[in-house]
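# Working through the structure, step by step
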Amino acid sequence: MRLLQRLAIGRLYARLPEWVRIAVAVVAVVLGVVIVIRPTTALDVLAWLLGGGMALTGLLELTGRDGEGERPRWRTVTGAAWLLGGAIVLLAPGLTVRVVAVVVGVLLLLGGILGVLSVFGRGRTLDARIADGAFGVSGVIFGALALFWPDITLLVVAVVFGARLIMSGVVDLWTRLRRRRDERAGGAETDGAPRRRWGRTVIAVASVALAVSTTIVTTPLREGSTVVDDFYAAPRDLPDEPGRLVRAEPFTGGIPASAEGWRILYTTTGVDGRVRVASAIVAVPREGDGRWPVIDWSHGTTGFAEHCAPSLQPRGLWAGAFYMLPRAIKEGWAVVGTDYIGLGTEGPHPYLVGPPSAYASLDAVRAARELEEADLGARTVVWGHSQGGAAALWSGSLAREYSPDVWVQGVAALAPASDPAALVQGISSVTGGSIFASYAFRSFSEIYPEIDYRDYVRPGAETALRQMSERCLSDPTIVLSVAAALGMSRDPALFSRSPASGDLGARLRENTAPLRSTAPLLLAHGGADSVIPVASQAAFVDRMCAAGQDVDFRIYDGFEHAGVVERPSPLIDELFDWTRDRFAGLPVAEGCTTTER
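What this report covers is the structure whose coordinates are included nearby. The residue numbering used here restarts from 1 in each chain and proceeds along that chain's sequence as written. Selection of residues for local features in this predicted model requires a pLDDT of at least 70, selection of side-chain atom pairs for listing and counting requires 80 or more, and totals for whole chains, interfaces and linings are taken over all residues. Each side-chain value is worked out from all heavy atoms of the structure, with water and hydrogens disregarded.

### Some words on the state of the cysteines
Any pair of cysteine sulfurs within 2.5 Å is marked as a disulfide. On inspection of all chains with the given rule, the structure shows 2 disulfides. Disulfide pairing is shown between Cys308 and Cys472; the S-S distance is 1.9 Å. In this structure, the disulfide formed by Cys308 and Cys472 twists by about -90° around the S-S bond and is classed as left-handed. In this pair, Cys308 is assigned in the loop between strand 4 (292-298) and helix 9 (325-330) and Cys472 in the loop between helix 14 (459-468) and helix 15 (478-488), connecting sequence segments 164 residues apart. Each member of the pair, Cys308 as well as Cys472, carries the same accessibility label: buried. The partner cysteine of Cys545 in its disulfide is Cys592, sulfur to sulfur 2.1 Å. Here Cys545 and Cys592 share a disulfide; its torsion about the S-S bond, -120°, makes the bridge left-handed. Placement of Cys545 in helix 17 (residues 534-546) and of Cys592 in strand 10 (residues 592-596) is noted, with a sequence separation of 47 residues between them. Here a helix means four or more residues in a row that DSSP labels H or I, a strand means two or more in a row labelled E, and each is numbered from the N terminus. Exposure categories follow from relative accessible area, calculated using a 1.4 Å probe and restricted to protein chains: below 20% of the type maximum is buried, above 50% is exposed, and the middle band is partly exposed.

### Some details on the sheet that holds strand 6 (residues 376-385)
Reading across from one edge, 1-2-3-5-4-6-7-8-9-10 is the order of the 10 strands in this open sheet, with mixed pairing throughout. Taken across any chain shown, the strands that pair with only one partner, and hence form the sheet edges, are strand 1 (245-250) and strand 10. Across this sheet, the average inter-strand angle for adjacent strands is 20°, counted without regard to direction. The criterion for strand pairing is that DSSP finds at least two bridges linking the strands in question. Pairing geometry for strand 4 and strand 6, over 6 bridges, is parallel. The residue of strand 6 that forms the bridge with Asp296 is Val382. The contact definition used throughout considers only heavy atoms, calling two residues in contact when any of these lie within 4.5 Å. The axes are straight lines fitted to the C-alpha atoms, using for helices just the contacting stretch, and the angles between their N-to-C directions are given from 0 to 180°. Most of the contacts of helix 11 (residues 387-402) go to strand 6, to which it runs at about 140°, and overall it touches strand 2 (259-269), strand 4, strand 5 (334-340), strand 6, strand 7 (407-414) and strand 8 (521-526).

### A word on a negative patch on the surface
A patch consists of residues whose relative accessible area exceeds 30% and which take part in no salt bridge; residues with like charges are grouped when within 9 Å of each other, and nonpolar side chains (Val, Leu, Ile, Met, Phe, Trp, Tyr) when within 5 Å. Note on areas: Shrake-Rupley, 1.4 Å probe, and residue coverage restricted to the protein chains presented here. Criterion for a salt bridge: a side-chain nitrogen of Lys or Arg within 4 Å of a carboxyl oxygen of Asp or Glu. A positive count includes Lys and Arg, and a negative count includes Asp and Glu. His and the chain ends are not counted in either. For this purpose, a charge sits on NZ of Lys, CZ of Arg, CG of Asp or CD of Glu. Among the surface-exposed residues, Glu260, Glu287, Glu372 and Glu373 lie close enough to one another that they form a single negatively charged patch. In this fold, Glu372 is placed in the loop between helix 10 (354-368) and strand 6. Classification of Glu372 as exposed rests on a relative accessible area of 71%.

### Points about the layout of surface pockets
Of the voids in this model, the largest pocket is the one considered here, and its volume is about 480 Å³. Here a cavity means grid points, on a 1 Å grid over the protein atoms only, where a 1.4 Å probe fits yet cannot get out; a pocket means an open set of points with protein on both sides within 12 Å along at least five of seven lines; lining residues are those with an atom within 4 Å of a point. Along its surface, the largest pocket is lined by 25 residues, and Thr301, Phe436, Leu473, His561 and Ala562 are the ones closest to its centre. Asp, Glu, Lys and Arg are counted as charged, while Ala, Val, Leu, Ile, Met, Phe, Trp, Tyr, Cys and Pro are counted as nonpolar; the rest, among them Gly, fall into the polar class. Residues that form the lining of the largest pocket fall into these classes: 14 nonpolar, 11 polar and no charged. Grid points are joined across faces, edges and corners, and a volume is the space filled by probe spheres set on the points.

### What about the packing of aromatic side chains?
Here the aromatic set is Phe, Tyr and Trp, taking the six-membered ring for Trp, and pairing holds for ring centres within 6.5 Å; pairs whose planes are under 30 degrees apart are stacked, those over 60 apart are edge-to-face, and all others are tilted. One pass over the full model with this rule turns up 13 aromatic pairs. Plain terms: the ring middles of Tyr351 and Tyr439 are 5.9 Å apart, the flat faces sit at 80° to each other, and that makes the pair edge-to-face. Residue Tyr351 is found in the loop between strand 5 and helix 10, and its partner Tyr439 is found in helix 13 (residues 433-447); the two are separated by 88 residues along the sequence. Exposure class is identical for Tyr351 and Tyr439. Each is buried. When the centroid spacing of 4.2 Å and the interplanar angle of 20° are considered together, the rings of Tyr359 and Tyr402 count as stacked. Here Tyr359 is found in helix 10, whereas its partner Tyr402 is found in helix 11, with 43 residues between them in sequence. Each member of the pair, Tyr359 as well as Tyr402, is classed as buried. The ring of Phe231 carries the charged tip of Arg247 above its face, separated from the ring centre by 5.9 Å. By the criterion adopted, a ring carries a charge over it if an Arg CZ or a Lys NZ lies within 6 Å of its centre and within 35 degrees of its normal. It is Arg466 that lies over the ring of Tyr453; its NZ or CZ is 3.8 Å from the centre.

### Remarks on the environment of Asp229
Locating Asp229 in the fold gives a position in the loop between helix 8 (193-218) and strand 1. C-alpha of Asp229 to C-alpha of Leu312: the two residues are 83 residues apart in sequence and 8.9 Å apart in space.

### Some details on helix 18 (residues 571-583)
By this rule the span expected of a helix is its residue count minus one, scaled by 1.5 Å. With 13 residues, helix 18 should reach 18 Å at 1.5 Å per residue; the first-to-last C-alpha distance of 18 Å fits that figure. Where the residues of helix 18 are buried, they touch strand 4, helix 9, strand 6, strand 7, strand 8 and strand 9 (551-556). Looking one or two residues beyond helix 18, the residue adopting positive phi is Gly585, at roughly 80°.

Spelled out as structure tokens, the structure:
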């Protein structure tokens, strides 16, 4: 008795009318198309689509034909395996995408290996050997992608499996429709019979072409990420006080010809109050008298992982949205840009955690002064954008007490993430906002032990968020984070619980930027900012003003979050004018002013 006859579901399905099985093949094609064109659908929905697709694949494998009439036993084995895998996914929809990927990958690999081995079976026609071998090779390739390239799990599971399902449905549909035509013709062998068998072969060869193309296209996604080198490793004889230079070496990434650059490793104060190491970029004019006034730059979001440090990127400070380096050098200013703790150096990176970010910024200036070749002066103005804008606000508040030797003459906070609780709570409504949420949750969960993903994030989104947090905004693989973010934007909610509640909410509010600064303050924001709404920033400014802080608040209509610090934003010229006045020691107007440009 054949193995197929031992499977009750196979016997039941085989007894169904032919039109029902044709309908199943059509459904398989349609479902495959849906999965392929919507690979970033809600993760929970994707699990159901995949489970149903796996079950359909099993039915097609159990009852389909390859053109020879006699079913190879290996296809019965793979059909049963697909049915079992589909049942697991459907009955346990809470499985992570990674687990589903492993199931799909193993089944693709198993079917591929058996398909390749079947080429050497006896009694097979040439077209069947080629078709089984081609489908086998594509299955091995796709299975390997799903199993060994976990960084592209979401796309592999969706696009690859969807394509596989379309091909299975098309082959089964083609075979059944041709058979019905033959039956109507009295079962006679027609001149078209060889072409019917070769139709499956053509599709199989196309599957190999698709597999190879997918491998070639996705290979760059595994390349191009920077690598952390030994420069960032803390020595055993680390100075026991913050703000000390540990080592320095020349740095040229993104440094204009008119400047000299270095990357430095230095000591600073961590979240726990202990001495840690951080890295920074230092750039000074190549020509001039020295004792350069310092722009203390706190960069915007680059990522959470160690390799996301600006000093590791080909364009250096540019990675953190400092597009104004050539002009700053032309002004005769030095620039010191911290990477913060955990970017380049050992983490965790305190993303949106205020005090250690400010300490890293201020200590970078102190350490850079020990670099004799840089010849830095005492006057300092702090600039920061987004994540760094919040760090700049913290620097302005803590500088006088923490580092009185750093003479901060002004603070320019550009589109600052001043209110982390408000930012994270509204991040679900921002296109791609889950990428920033992934960095925030990784940071707060690693720094504060009482905070756990599962207390706030939906189970279906946790795995994707953790994978996102490993990618830098400059990595080629960030396109996968964007794809996943678009998928999660269709979910009813990213959070199972408000991030502004409980322990996470308390820690976020604890890291809201201080309402008072010890230096003149310029706060600039884009009127069309979709990451940090201008209304949220205006509310923060109102609180600062109520606390007695003088604020020069400027809104630039029509400019987005990053666009406000890029040409042709009028902020750039105004920022240089404002900073020039701070270095000159000119007084600022008292009180709070709001200006719309």
